[in-house]
Amino acid sequence: MTLSNDFDCQSCGACCSFSADWPRFSMESEAALDLLPARFVAADEGGMRCEGSRCSALSGQVGVGTSCMVYDVRPDVCRECLPGDDACLIARDAFALNSA
Ligand code: SF4
Ligand code: SF4
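Below is a short write-up of the structure. (Residues numbered from 1 in each chain as written. Chains lettered and ligands numbered in written order. Predicted model: local features only at pLDDT ≥ 70, side-chain atom pairs only at ≥ 80, totals over all residues. Heavy atoms only, no water.)

Some thoughts on the site of ligand 2
Taken together, the residues surrounding ligand 2 are Cys16, Trp22, Pro23, Met48, Cys55, Ala57, Leu58, Cys68, Val70, Pro75 and Cys78. Counted by class, the shell around ligand 2 contains 11 nonpolar, no polar and no charged residues. (Near = heavy atom within 4 Å. Nonpolar A, V, L, I, M, F, W, Y, C, P; charged D, E, K, R; others polar.)

Side note on the packing of aromatic side chains
Counting across every chain of the model gives 0 aromatic pairs. One cation-aromatic arrangement involves Arg74 over Tyr71; the distance from NZ or CZ to the ring centre is 3.9 Å. Its guanidinium or amino end placed over the ring of Phe7, Arg92 lies 4.1 Å from that ring's centre, counting from NZ or CZ. (Phe/Tyr/Trp six-rings, centres within 6.5 Å; stacked < 30°, edge-to-face > 60°. Lys NZ or Arg CZ within 6 Å of the ring centre and 35° of its normal.)

Here it is in structure tokens:
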């Protein structure tokens, strides 16, 4: 695994648009989850609400310019995904961004 500073998340957003199964909650406290606006939380309350494969809290256009609307209170899985790690590269591949 090669972590890279070459990837700019704000011009990517691929991991936030890769799978509805990805931005799921894990070990967050109730207090942490309470900080997430309800409109961004899935009906089963087990993760972020997605539209297709895309997290509803992602704004912007993947591969162009994106931002997380709940960045300061985002779930653990989002904090753990680092630019250049395996999950990042898989997500970027799905949007043909690794050769960009
Ligand atoms: S896929 Fe990688 S570069 Fe893109 S937003 Fe996620 S962590 Fe950042
Ligand atoms: S909560 Fe934010 S960082 Fe996490 S998947 Fe959604 S848009 Fe991406």
